[in-house]
Each structure stands twice: as C-alpha cells, then as structure tokens.
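# Architecture and fold: a report
Spelled out from the first residue to the last, the chains are:
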Amino acid sequence: MEENQLMESGVSELNSNAFFIDPVRILNHSYTRFRVSPSTYYSRFFDSLNSAQSPKASEDSRKGKRKRKKKIQSLNEREQIADRRHQEVKPFLLKAHEALLEATDLLKVLRNLRNDVCSVGECKELSQESSELSFMELGGVWQAPLCEIVLNYQQDDKTLQNGGFPLAQSIEQKVTPAFNNLVANEGSYDIEAELFNHKYIIPKRSCFYMSDMQQIDSLIPAGSDCGFNLIVIDPPWENGSARQKVRYPTLPNRYFLSLPVKQLCHTSGALVALWVTNREKLRDFVENDLFPKWGVTYAASFYWLKVKANGMLTGELDLFHHRPYECLLLGYCDGKDTHSGNSTRLNPIPDNRVFISVPGDYSRKPPIGELLLDYVPGSMPARCVELFAREMIAGWTSWGNEPLHFQDSRYFVSK
Ligand code: SAM
C-alpha cells in the first residue's frame with residue numbers, strides 16, 4: 001500500500017502526521033524528456049546497506065539518552081532552551097521513525113532507491129573529472145552581463161502545444177543573458193540549455209533569476225497581483241562550526257533582514273517556509289527579529305528527518321550538535337487583500353509534521369514545496385518562488401546565485 005503511493009507520487013503516508021518521500025520521484029514531476037538520475041541524487045548514505053546491524057530506533061535512543069545525561073549539566077542557558085525544544089519534538093520524530101521501520105515493504109523500496117528506474121548503463125556515477133561551472137565566480141566578473149545562455153526548444157514543443165502532431169524535429173534557439181535576468185521556459189516540455197559548453201536541463205514552465213542578493217529587488221512584481229503565494233527560503237546561514245566544510249558563501253544574519261519578503265507577497269498573502277538550523281541563537285533571531293521584520297506571523301513547524309538507505313537515522317537523535325533532522329518554519333505574510341474578504345479559506349497547518357527521506361548532496365533540501373500547496377492562500381495555481389535555490393521546479397521561479405547548480409545535465413538521464 002505505502003510502496004504503491006510512493007511509486008506513483010514519491011510520497012507515502014506513514015501515519016496522519018508522518019510521510020516518507022522520495023525526492024527523485026517528486027522532482028521527476030517537473031520533467032517530460034529527462035529524469036533525475038537516482039544514483040547521482042543519492043550520492044551519500046547508501047554505503048551501509050550490507051551492514052549486519054538492523055535498524056533499532058530504541059537502541060539509538062538509549063545510547064543518546066546516556067550521552068544527553070552526561071552532557072546536560074554542562075549546557076549553557078541557550079543550549080538548555082535548545083534541548084527543551086528537542087525534547088518537545090522528539091516524540092513526533094520517534095513515532096514517525098518507528099512507523100517507517102514497521103513498513104517492511106517500504107523499507108525494501110528504500111534500499112533500492114539508488115538503482116531505481118534506471119537500466120544498466122543509466123545508473124551513472126558523478127564523474128570527478130567533469131567539473132561544474134562556478135556560477136558565483138562567473139557572476140562576479142565584469143563580463144557577467146555579457147554571458148549568454150542558449151535555450152534549445154525542440155520544434156515539436158510548439159506543434160504539440162498547438163494541439164498538433166510533432167513534425168520532423170528541429171531546434172529553435174533563444175539566446176538571453178544568463179545573469180541578472182529572468183530566464184524562462186514557458187513551454188510544456190523540459191528543454192536543454194547551454195552555458196559555457198555545459199548543458200543544463202530546464203523544467204517545463206519554470207524560470208530562474210541568477211544574481212547576488214543585492215539584485216533581489218528585480219524580482220518584486222511590477223503588477224499588483226503578480227506576487228508570490230508560496231515563498232520557500234533556504235538562506236546561507238553562517239555555521240558556528242569552523243570545521244564545517246564550506247560549499248557556498250554564507251551571510252551574517254543581519255543581511256536577511258533586508259530580504260523584501262513583504263514586497264514579494266501576492267496581494268492575497270503568502271505562506272512563507274523558512275529552513276533553519278537547530279542553533280538556538282538562530283531560532284531566537286528568526287522569532288524575535290526576522291519574522292517580525294518580514295511581516296510574517298509564525299504558524300507551524302515541519303521537520304525533515306534524515307535516514308540512511310537501511311532505514312536507520314543518519315545520526316543519533318540526541319547528539320547535540322549533529323541532529324539527524326532539520327526544521328522548516330512556516331508562517332503567513334498578509335497581502336493587501338488579506339483583510340478585505342478576498343482571501344480564500346485556508347486549511348489549518350498541522351504542527352510537527354515529519355517528512356522522512358534519504359538526503360541528497362550536502363545541504364540539499366527535499367522538494368516539499370508541492371506538499372505545502374494545501375496551506376497556501378490565494379487562488380490556484382499558486383505562484384511559487386524559492387529564494388537561494390540551487391535547483392528548478394516546474395511552475396516555480398528559482399532565485400539565487402546558483403539556481404542552475406543541480407540542473408547540470410550530469411544529474412539527469414534522458415527518457
Ligand atoms: N535550498 C538549496 C538546496 O536545497 O540545494 C540550498 C541553498 S544553500 C543553503 C544557500 C544558497 O545561497 C547557496 O546556493 C549559496 O551559494 C547561495 N548564496 C550565498 N550567498 C548569496 C548571495 N549573496 N546572493 C545570492 N545567493 C547566495
């Protein structure tokens with residue numbers, strides 16, 4: 001039952017408040033000609049499959065308790081608040097994890113996700129030799145305004161859109177600036193794009209704006225009802241740990257205060273979803289400074305619980321600085337019409353909902369935007385934007401200094 005749901009939609013309900021998701025299947029809703037390659041998405045956490053140890057949540061939790069007990073006296077005031085927060089959410093996380101461990105058929109599917117849906121030869125490894133473009137370097141040079149991206153539309157995109165049949169295939173090219181420019185694929189098919197001899201796959205009906213944070217004002221809609229109903233934000237928070245590997249530049253918290261979230265909102269309001277780390281200092285900043293400055297009213301918290309391919313948590317639940325979960329804070333931002341009776345009635349957002357998945361690359365979040373649509377104000381289809389995005393989704397605008405990062409053709413296989 002659960003595995004059928006997973007196969008079809010990429011989402012499987014474990015209990016009323018917990019879901020297992022396969023990001024690859026969810027992302028594939030955005031593509032018609034290409035597919036996300038599971039073996040390049042799941043580049044980590046598939047190494048312990050042969051481990052003889054079976055997934056035992058309770059054992060993990062017992063070990064964790066011992067560690068926590070040992071440490072608790074030495075926690076400072078802030079850490080104690082963080083620990084209280086953790087203790088509050090822990091029962092929801094454990095219940096979700098236990099439901100996963102009981103779903104034996106789903107666990108079988110989980111073990112195979114990496115080799116899923118690809119035939120021999122398609123399951124590629126990420127080549128160490130073929131380098132990725134550094135968009136941050138390219139966007140920072142004086143020639144950046146001259147860099148152009150070539151969008152290759154297949155002629156049959158147009159004939160099919162007009163209800164016709166594909167004729168002999170020919171390519172129609174559109175050349176447009178790659179940086180500080182809204183680049184859109186308005187067609188109903190994914191297309192291939194070229195930038196500096198690298199190929200990128202652009203989902204159907206999607207667009208990106210590749211720029212530094214200073215340029216974000218360009219996204220503010222000119223028309224009064226062209227704002228966004230769903231705003232997902234995954235900021236490059238500074239990490240306290242000097243040992244943390246740096247994969248992208250981070251910004252001090254105060255920079256995010258100037259994000260024009262209110263101006264990006266649709267007149268009928270927006271659901272704002274903000275990824276945060278488990279550091280208490282950051283949670284305090286978001287609650288007391290950031291959300292009030294953005295005009296966002298807190299509504300609920302969702303959690304992403306990370307498991308390995310064998311169903312075990314990626315780390316001990318109680319380990320203080322390396323929790324195997326992350327939090328998505330949800331809140332509402334009023335639009336101009338929110339109080340004038342024009343806003344549609346919303347489903348209440350459930351608190352402490354848990355999404356379980358096997359993580360992809362470093363800091364890559366699971367694509368749960370689609371699963372938030374039930375709680376988004378305004379009429380459908382919702383207008384959705386992701387800020388600090390590294391990938392694109394059909395129907396969304398992706399903004400950041402590297403929104404094409406995971407669109408590199410090396411992460412895809414053709415259908
Ligand atoms: N949500 C993304 C994902 O799932 O892959 C991860 C986003 S990561 C936490 C933050 C992103 O913000 C990185 O791509 C980083 O390069 C980008 N970033 C850092 N400084 C920036 C700036 N000044 N302007 C725009 N983007 C920036």
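The written sequence of each chain sets the order in which its residues are numbered from 1. The predicted origin of the model limits local features to residues at a pLDDT of at least 70 and limits the giving and counting of side-chain atom pairs to 80 or more, whereas totals for whole chains, interfaces and linings rest on all residues. Side-chain numbers come from the whole structure's heavy atoms, not from hydrogens or water.

Secondary structure elements follow DSSP: runs of H or I of four or more residues count as helices, runs of E of two or more count as strands, with numbering from the N terminus. The number of helices and strands found in the protein chain is 11 helices and 17 strands. Relative accessible area decides the class of each residue, using a 1.4 Å probe on protein chains only: under 20% of the type maximum gives buried, over 50% gives exposed, and in between gives partly exposed. Out of the 415 residues in the protein chain, the part that is buried amounts to 53%. Each accessible area value is a Shrake-Rupley result obtained with a 1.4 Å probe; residue values ignore everything except the protein chains displayed when judging cover. With the model as given, the accessible surface of the protein chain reaches about 20000 Å², and the carbon-plus-sulfur share is 49%.

Lining the immediate environment of the ligand, one finds 20 residues, of which D234, K365, R390, N401 and E402 sit closest. A distance of 2.8 Å separates a nitrogen atom of the ligand from a polar backbone atom of M213. The definition of a polar contact used here is a pair of N or O atoms within 3.5 Å, where within protein one atom must be able to donate a hydrogen and the other to accept one, and adjacent residues in sequence count solely through side-chain atom pairs. Between the ligand and the protein, one listed contact pairs a nitrogen atom with a side-chain N or O atom of D234 at 2.6 Å. Considered on its own, the ligand offers 600 Å² of accessible surface; in the complex 97% of this is hidden by protein. Lys, Arg, Asp and Glu make up the charged group, whereas Ala, Val, Leu, Ile, Met, Phe, Trp, Tyr, Cys and Pro make up the nonpolar group; the residues left over, Gly among them, are polar. By residue class, the composition of the shell around the ligand is 10 nonpolar, 3 polar and 7 charged. Here a residue is considered near a molecule or strand provided that any single heavy atom belonging to it is located within 4 Å of it.

Each residue carries a pLDDT value, the predictor's own confidence for that position, ranging from 0 to 100. Residues with a pLDDT of 70 or more make up 83% of the protein chain, whose mean pLDDT is 86. Taken as a whole, residues 48-59 scores under 50 in pLDDT and shows 15 contacts with residues more than four places along the chain or in a different chain. On the interface metric, ipTM, the complex scores 0.99, and its pTM is 0.90. Whether two residues touch is decided by their heavy atoms; if any such pair falls within 4.5 Å, the residues are in contact.

Our focus in this paragraph is helix 5 (residues 77-102). By this rule the span expected of a helix is its residue count minus one, scaled by 1.5 Å. End to end, helix 5 covers 38 Å across 26 residues, agreeing with the expected 38 Å (1.5 Å per residue, within 8%). Given a residue, its bend is the angle between the two axes fitted to the seven residues that end at it and to the seven that start from it. Along helix 5, the helix axis deviates most sharply at V89, where the bend reaches about 40 degrees; the proline P91 sits within four residues downstream. Within helix 5, the full set of buried residues consists of A82, D83, H86, V89, K90, L93, L94, A96, H97, A99, L100 and L101. The residue sitting at the N-terminus of helix 5 and contributing the capping side-chain oxygen is N76; that oxygen lies 3.1 Å from the backbone nitrogen of R78.

What follows covers the packing of helix 5 against helix 6 (residues 104-112). Following both chains from N to C, one finds helix 5 and helix 6 inclined at 85 degrees, their axes separated by 5 Å at the closest point. The pairing of helix 5 with helix 6 is recorded here as roughly perpendicular in orientation. Judged by residue contacts, L100, L101 and E102 of helix 5 engage T104, L106, L107 and L110 from helix 6. Taken together, the residues of the contact of helix 5 with helix 6 sort by class into 5 nonpolar, 1 polar and 1 charged. Only the contacting stretch of a helix is used when fitting its axis, a line to C-alpha atoms as for every element, and angles between N-to-C directions run 0 to 180 degrees. Just so you know how the angles are binned, under 35 degrees is roughly parallel, over 145 roughly antiparallel, 65 to 115 roughly perpendicular, and the rest oblique.

Let us look at helix 6. By the burial criterion, the buried members of helix 6 are L106, L107, V109 and L110. Along the axis of helix 6, the buried positions cluster into a sector of 160 degrees, meaning they face one direction only. Turned more than 90 degrees away from the buried face of helix 6 sit T104 and K108, all of them exposed. In this description, the arc belongs to the directions extending from the helix axis to the C-beta atoms.

Another point: the environment of F388. Among the secondary structure elements, F388 is positioned in the loop between strand 15 (384-387) and strand 16 (396-400). F388 gets classed as buried once you look at its relative accessible area, which sits at 16%. Distance in space between the C-alpha atoms of F388 and M213 is 8.6 Å, their sequence separation being 175 residues. Beyond its immediate sequence surroundings of up to four residues, F388 is in contact with M213, I233, D234, P235, P236, F256, L259, W399 and G400.

So, about the sheet that holds strand 4 (residues 148-154). With respect to topology, 4 strands assemble into an open sheet ordered 5-4-7-8, the strand pairing being antiparallel. What marks the edges here is a single partner per strand, and that holds for strand 5 (171-177) and strand 8 (198-202). Averaged over neighbouring strand pairs, the angle between their axes works out to 25 degrees when direction is ignored. Being paired, for any two strands, means DSSP has found at least two bridges between them. With 3 bridges connecting them, strand 4 and strand 7 (residues 191-195) associate as antiparallel partners.

A few words on the pairing of strand 11 (residues 270-276). For strand 11, the buried fraction is high: 7 of the 7 residues fall into the buried class. Of the two faces of strand 11, the one holding A270, V272, L274 and V276 and the one holding L271, A273 and W275 are both buried throughout. One ladder, built from 4 bridges, connects strand 10 (residues 230-233) with strand 11; its direction is parallel. Of the residues in strand 11, the one forming a bridge with I233 is L274. Pairing of strand 11 with strand 13 (residues 325-333) involves 7 bridges; the strand directions are antiparallel. Bridge pairing links W275 to L328 in strand 13.

We now examine the sheet that holds strand 9 (residues 206-210). The mixed open sheet is built from 11 strands, whose spatial order is 1-2-14-12-13-11-10-15-16-9-6. Lying at the two open borders of the sheet, with one neighbouring strand each, are strand 1 (11-15) and strand 6 (182-185). When the angles between neighbouring strand axes are averaged without regard to direction, this sheet yields 20 degrees. By the bridge criterion, 9 bridges tie strand 12 (residues 296-306) to strand 13 in an arrangement that is antiparallel.

One can describe the packing of helix 5 onto helix 11 (residues 280-294) by two numbers: an axis separation of 9 Å at closest approach and a directional angle of 80 degrees. Taken together, the axis directions place helix 5 and helix 11 in an arrangement best described as roughly perpendicular. Side by side, helix 5 and helix 11 meet where R78, I81, A82 and R85 of the first sit next to E280, K281, R283, D284 and E287 of the second. Counted by class, the contact of helix 5 with helix 11 contains 2 nonpolar, no polar and 7 charged residues.

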